[in-house]
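Structure at a glance
Here are the chains, one letter per residue:
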Amino acid sequence: MEITEASFQLHKLSVVCERTSLSRSTVWREIKAGRLNAIRVGKCLRVSETELQRFIRGLELANAR
């Protein structure tokens, strides 16, 4: 896997909600369940681009079944 500057981009939960079409409460539930890894930056949670892409692929695979 090629490491690029975009891999280190951190997204707000609102961006995660937009890109996954999930509600904010569902995204929180996924984080608490350990299915989506988030990084705490001060008092805020952020999700890396790499982690977001991994999570989206998992959603796509689950929907393909």
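Residues numbered from 1 in each chain as written. Predicted model: local features only at pLDDT ≥ 70, side-chain atom pairs only at ≥ 80, totals over all residues. Heavy atoms only, no water.

1. Quick notes on the nonpolar core
Residues L13, V16, C17, V27, I31, L36, L45, V47, L52, F55 and I56 constitute the largest nonpolar core, which totals 11 residues. Within the residue set of this core, elements represented by two or more residues are α1 (13-20), α2 (24-33), β3 (44-48) and α3 (49-64). In this structure, L45 is in contact with H11, K12, L13, W28, I31, A38, I39 and R40, ignoring residues within four places of it in sequence. (Core = buried A, V, L, I, M, F, W, Y, C linked by side-chain atoms within 4.5 Å. Buried < 20%, exposed > 50% of the residue type's maximum accessible area, 1.4 Å probe, protein only. Helix = DSSP H or I, 4+ residues; strand = E, 2+ residues; numbered from the N terminus. Contact = heavy atoms within 4.5 Å.)

2. Notes on unusual backbone geometry
Despite not being glycine, S21 has its phi angle at roughly 60°, a positive value. Considering the arrangement of structural elements, one finds S21 in the loop between α1 and α2.

3. Observations regarding the confidence of the model for the protein chain
Low-pLDDT stretches of the model should not have their predicted coordinates read in fine detail. In this model, the protein chain carries an average pLDDT of 92, and 89% of its residues clear a pLDDT of 70 or more. Of all the helices and strands in the protein chain, α3 carries the lowest mean pLDDT, 94, while α2 carries the highest, 98. (pLDDT = per-residue confidence, 0-100.)

4. Description of the sheet that holds strand β1 (residues 10-11)
A sheet is described by the order of its strands in space; here three strands give the open sequence β1-β3-β2, paired in antiparallel fashion. Because the sheet does not close on itself, it has two edges, and the strands there are β1 and β2 (39-41). When β2 meets β3, the two strands line up antiparallel, connected through three bridges. The partner of V41 across the bridge, within β3, is C44. Against the sheet, α3 engages β1 and β3, with an angle of about 70° to β3. (Pairing = 2+ DSSP bridges. Axes fitted to C-alpha atoms, helices over the stretch in contact; angles between N-to-C directions.)

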